[in-house]
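Single-letter residue listing:
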Amino acid sequence: MTDVLKVPTMAEMMAAGDKPEVLFWVGCAGSFDDRAKKITRAFVKILNATGVKFAVLGTEESCTGDPAKRAGNEFTFQMQAMGNIQVLNAYEVKKIVTTCPHCFNTLKNEYPELGGNYEVLHHSQFLQQLIDQGKLAVQGGAFKGKKITFHDPCYLGRGNDVYEAPRDLIEKLDGELVEMKRCKTNGLCCGAGGAQMFKEAEKGNKEINEERTEEALTLTPDIIATGCPFCMTMITDGVKLKEKQDKVNVFDLAELIAQANDL
Amino acid sequence: MGISNIIFILIFAAAVLLFAKHVKFIVRNIKLGKDIDRSDRKDERLKLMIKVALGQSKMVKRPIAGILHIIVYVGFVIINLEVLEIIIDGIFGTHRVFSFLGPVYNGLIGSFEVLAILVALACLIFLIRRNILKIPRFHKPEMKGWPYTDANLILIFEILLMSAFLLMDAADYNLQQRGVDHYVKAGAYPVSVFLAPLLSGMSDSALIMFERGMWWFHIVGILGFLNYLPYSKHFHIILAFPNVYYSKLDPKGKLDNLESVKKEVELMMDPNADPFAAPAEPQGEPERFGAKDVFDLNWVQLMNAYSCTECGRCTSACPANITGKKLSPRKIMMDTRDRLEEVGKNIDSNGGEFKDDGKSLLRDYISEEEVLACTTCNACTEECPVNIDPVSIIIDLRRYLIMEESKAPQEWTMMLTNIENNGAPWQFSQADRLNWKNEA
Ligand code: SF4
Ligand code: SF4
């Protein structure tokens, strides 16, 4: 087990006259949020272990503009987008993988009209491909008998119709996948989307993350899995609020795979 | 041609004209919206319309309501074939003009009767669900008053229409049995044959009166119903089709990129642009960013408002609404329609020009609080049986708030400043973006 991650940047690769197969878009949460950074590291461990030739933009990466756009500030969004597209196009990026469904959605759907055309994958899809190509084998043992439920991130599920890739990954873990009543197309938001992450909620009688966490907890799962750094924050807070953090873990799909393979 | 035929023709013509006039009003209102190009992917749109509008694929997501609705819908459409005969009979004074079709005719009317009783039953169950079981989504604040009455009126009306149809057949059957002149032998029909004995005590003339009464009630009722539609959420039976056809085909997560902003940003980012050059001649009025009023929305959004059935499926799936926030996507659609109707009437009473009434969709109808509460989760668009997109309206209103009025909650202002200054919604330096690499 090694903690030294190999994370080449695009600039380094370019200087060496090399090109990656895929660009890993880390995202703001993945770069700065303490909990999300663990997801980033787990995903990189898998990339390193499977020998995927990837690179990150590093300090050249900047916010996709998603929260600005959803808060209604199209200016800030487009400024961010144009800046990012200039960088991505200069490096002739063709394929992007990201651990954030918000970045995924924005890069995939909103950048093309602004001149940024890439093949964009969420990490669940990318991991799925690695498995299909025989490059990644998941060792189930660690999760045998564990009850795992999956919280669909809105921008992955409803936003982009990706429901199966995350579930296929969980199935590989040998655990027991249990579904909440509101799952897949009916999934309930964690409360973070639409830039809500960055402000207090409007007046109501409950926080959305509490409502969602309660639903997950009715299944008495060992693990609540998700595939979004913002859902991670919301559900983790919800579990703490319900004082269940000793019984229930919240993990990202990448973390589950990394743990299963003892990376 | 008798006097009753003339009366019929007059009523019929008046009803059709009145309806056409109201439809024109609605079409004009929808066209007040800005242009949006939805002329692409025609095959896909057609298929979607057949599946979602005609096939009601999204209705059955909630099986009880879905199946009952399909019964009412199929029944309603098919029974209206009978209206064709009624109209011909009404104009020419014939009776059951299609009865020469023999067994085919009998089969048709027979199946209409079965449908009619099913429709009436379904409507009864709907009434019970609304008024006795009090399904919560029918009792949200925006459903108070007219919307609540509207829903009940329609259901009661449908039951009355179906009863009239069945009773008419029952009287007719008695008259046929007695060999009364004019009442062609058309045979017994599956439902009315059981109702017939109830009327058998009546004299010939009373029966004829009764049969004619039911006939008139049925047709005048249907014409009345037609003219009620444009005032009601029930206009969806017409607009559901174009509404689904022109709905958004892109992934739900995608929001449109504002063209007006794009032009300005491109100019700002263009290294060759001369910063001291005089700005290009503004062409007409500068476009408003986002939406303050219905004029700022596009015609698909306005058509959405007229297509909303007020079913509340969106609201019952909305995380904000579920947790007690004021936001209700159904209310967004109802408010948009109400405001649009108000604007339309304003235009009509001011000789075709809109006279500023000091009101707008934002604030007078939809509050900032509602606009800010949306998580853009798309549960509402997923739920909507006619593919309405409340999120796009919410986002356009937000855009106006943020870009035209700079009215963002303070936390958002901070977040936006951070993105602009250091490329992340939090206050972290861009230079630290790769620090995670070496943190264990
Ligand atoms: S997108 Fe907004 S309005 Fe629609 S369900 Fe989600 S929170 Fe509610
Ligand atoms: S927007 Fe759609 S789901 Fe919501 S009330 Fe109207 S018709 Fe029903």
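Owing to the predicted nature of the structure, the values given are computational and were not obtained by experimental measurement.

Criteria and thresholds
- Residues numbered from 1 in each chain as written.
- Chains lettered and ligands numbered in written order.
- Predicted model: local features only at pLDDT ≥ 70, side-chain atom pairs only at ≥ 80, totals over all residues.
- Heavy atoms only, no water.
- Buried < 20%, exposed > 50% of the residue type's maximum accessible area, 1.4 Å probe, protein only.
- Helix = DSSP H or I, 4+ residues; strand = E, 2+ residues; numbered from the N terminus.
- Contact = heavy atoms within 4.5 Å.
- Axes fitted to C-alpha atoms, helices over the stretch in contact; angles between N-to-C directions.
- Parallel < 35°, antiparallel > 145°, perpendicular 65-115°, else oblique.
- Left-handed = near helix turned anticlockwise from the far one by under 90°.
- Domains from an automatic or database assignment.
- Buried area = accessible area lost by both parts, 1.4 Å probe.
- Phe/Tyr/Trp six-rings, centres within 6.5 Å; stacked < 30°, edge-to-face > 60°.
- Lys NZ or Arg CZ within 6 Å of the ring centre and 35° of its normal.
- Pairing = 2+ DSSP bridges.
- Salt bridge = Lys/Arg side-chain N within 4 Å of Asp/Glu carboxyl O.
- Polar contact = N/O pair within 3.5 Å; in protein donor to acceptor, adjacent residues only side chain to side chain.
- Core = buried A, V, L, I, M, F, W, Y, C linked by side-chain atoms within 4.5 Å.
- Nonpolar A, V, L, I, M, F, W, Y, C, P; charged D, E, K, R; others polar.
- Near = heavy atom within 4 Å.
- Patch = residues over 30% accessible without salt bridge, like charges linked within 9 Å, V, L, I, M, F, W, Y side chains within 5 Å.
- Areas by Shrake-Rupley, 256 points an atom, 1.4 Å probe, with all protein chains shown as cover.

A. Molecular detail of helix α9 (residues 259-269) of chain B. Within α9 of chain B, the full set of buried residues consists of Ser260, Val261, Lys262 and Val265 of chain B. Buried-residue contacts for α9 of chain B involve α5 (74-90) of chain A together with α17 (390-404) of chain B.

B. Layout of the packing of helix α1 (residues 3-30) of chain B against helix α7 (residues 204-228) of chain B. All names here are of chain B. The interhelical angle for the contact between α1 and α7, taken along N-to-C directions, is 15 degrees, at an axis separation of 8 Å. Here α7 runs roughly parallel to α1, going by the angle between their axes. For the crossing formed where α1 meets α7, the hand is left-handed. Here Ser4, Ile7, Phe8, Ile11, Phe12, Ala15, Leu18 and Phe19 of α1 come into contact with α7, specifically with Trp215, Trp216, Ile219, Val220, Leu223, Leu226 and Asn227.

C. Quick peek at the domain arrangement of chain B. Residues and elements named next belong to chain B. Along its sequence, chain B is organised into domain 1 (3-30 + 62-245) and domain 2 (259-270 + 286-430). Each of domain 1 and domain 2 has a C-alpha centre, and these two points are 39 Å apart. With 25 residues of domain 1 in contact, the opposing surface of domain 2 contributes 30 residues. Between domain 1 and domain 2 the total buried area reaches about 2,400 Å² when both faces are included, carbon and sulfur atoms providing 52% of it.

D. Quick look at the packing of aromatic side chains. Residues and elements named next belong to chain B. Enumeration according to the criterion identifies 18 aromatic pairs over all chains in this entry. Look at tyrosine 245 and tyrosine 246: their rings are 4.9 Å apart centre to centre, the planes differ by 80 degrees, and that puts the pair in the edge-to-face class. By way of ring pairs, the aromatic residues Phe8, Phe12, Trp215 and Trp216 are connected into one cluster. Lying across the ring of phenylalanine 138, arginine 130 places its NZ or CZ 4.0 Å from the centre.

E. Seen up close, the pairing of strand β1 (residues 22-25) of chain A. All names here are of chain A. Side chains Val22 and Phe24 project from β1 onto one buried face, and the interleaved Leu23 and Trp25 project onto a second face that is buried too. As judged from the two bridges shared by β1 and strand β2 (residues 54-55), these two strands associate in the parallel manner. Across the sheet, residue leucine 23 finds its bridge partner in β2, namely alanine 55. Sheet analysis places β1 next to strand β3 (residues 95-98), joined by three bridges and oriented parallel. Counted as the bridge partner of tryptophan 25 is threonine 98 from β3.

F. Highlighting the side chain of aspartate 66 of chain A. Here aspartate 66 of chain A shows up in helix α4 (residues 66-70). Residues within four places of aspartate 66 of chain A in sequence aside, it is in contact with Phe77, His102 and Thr106 of chain A.

G. Structural detail: the domain arrangement of chain A. All names here are of chain A. Each domain of chain A was delimited in the assignment, giving domain 1 (10-131) and domain 2 (138-260). Taken over C-alpha atoms, the centre of domain 1 sits 22 Å from the centre of domain 2. The interface is formed by 27 residues belonging to domain 1 together with 30 residues belonging to domain 2. Taken together, the two surfaces of domain 1 and domain 2 that pack against each other cover about 2,300 Å², and 72% of this comes from carbon and sulfur. Scanning the region where domain 1 abuts domain 2 turns up one salt bridge. For the salt bridge of glutamate 255 with arginine 35, the shortest nitrogen-to-oxygen distance reads 2.8 Å. Taken together, domain 1 and domain 2 are joined by eight residue pairs in polar contact (both at pLDDT 80 or more). Elements that contribute at least two residues to the side of domain 1 that touches domain 2 include exactly α3 (34-50), α4, α6 (101-110) and α7 (123-132).

H. Highlighting the nonpolar core. Counting 118 residues, the largest nonpolar core has Leu88 and Ile96 of chain A as its most contacted members. No other element matches α17 of chain B, which puts nine residues into this core. Look past the residues within four positions of leucine 88 of chain A in its chain and what remains in contact with it is Leu23, Trp25, Leu57, Val93, Ile96, Leu107 and Tyr118 of chain A. With 38 residues, the next largest nonpolar core counts Val22, Val52, Leu127 and Ile170 of chain A among its residues.

I. Quick peek at the packing of helix α8 (residues 236-245) of chain B against helix α10 (residues 299-307) of chain B. All names here are of chain B. Where α8 meets α10, the axes come as close as 9 Å, and the angle between the chain directions of the two elements is 150 degrees. The orientation of α8 relative to α10 falls into the category roughly antiparallel. The element α8 and its partner α10 pack so that their crossing is left-handed. Across the interface between the two elements, His236, Leu239, Pro242 and Asn243 of α8 pack against Met303, Asn304, Tyr306 and Ser307 of α10. Among the residues making up the contact of α8 with α10, the classes are represented as four nonpolar, four polar and no charged.

J. Here's a closer look at unusual backbone geometry. The backbone phi angle of lysine 184 of chain A is positive, close to 50 degrees, even though this residue is not glycine. Unlike most non-glycine residues, lysine 134 of chain B shows phi in positive territory, near 50 degrees. Mapped onto the elements, lysine 134 of chain B comes out in the loop between α4 (103-131) and α5 (146-177). Judged by relative accessible area, lysine 134 of chain B falls into the partly exposed class, the value being 46%.

K. Spotlight on the site of ligand 1. Within the structure, ligand 1 sits among 13 residues, and Cys318, Cys374, Cys377, Asn378 and Cys380 of chain B are positioned closest to it. For the shell around ligand 1, a count of residues per class yields ten nonpolar, three polar and no charged.

L. Summary view of a nonpolar patch on the surface. A cluster of nonpolar side chains, Val114, Ile117, Leu118, Leu121, Leu124, Ile128, Ile132 and Leu133 of chain B, forms an exposed patch at the surface whose accessible area comes to about 680 Å². Looking at valine 114 of chain B, the relative accessible area reads 37%, which means it is partly exposed.

M. Representation of the interface of chain A and chain B in the model. Counting residues at the interface gives 74 residues for chain A and 64 residues for chain B. Both sides together, the interface formed by chain A and chain B hides about 5,800 Å², and carbon and sulfur atoms give 63% of it. A per-residue breakdown of the area chain A buries against chain B is headed by Phe32, Phe75 and Phe198 of chain A, which together make up 13% of the total. At the boundary of chain A and chain B, one finds four salt bridges. Across the salt bridge formed by lysine 254 of chain B and glutamate 113 of chain A, the nearest N and O atoms sit 2.8 Å from each other. At the boundary of chain A with chain B, the tally comes to 40 residue pairs in polar contact (both at pLDDT 80 or more). Listed by contribution, the elements that provide at least two residues to the side of chain A that touches chain B are α2 (27-32), α3, α4, α5, α6 and α9 (208-217) of chain A. Ranked by the residues each element gives to the side of chain A that touches chain B, the list is headed by α5 of chain A, at ten residues. Partitioned by chemical class, the residues of the side of chain A that touches chain B number 27 nonpolar, 27 polar and 20 charged.

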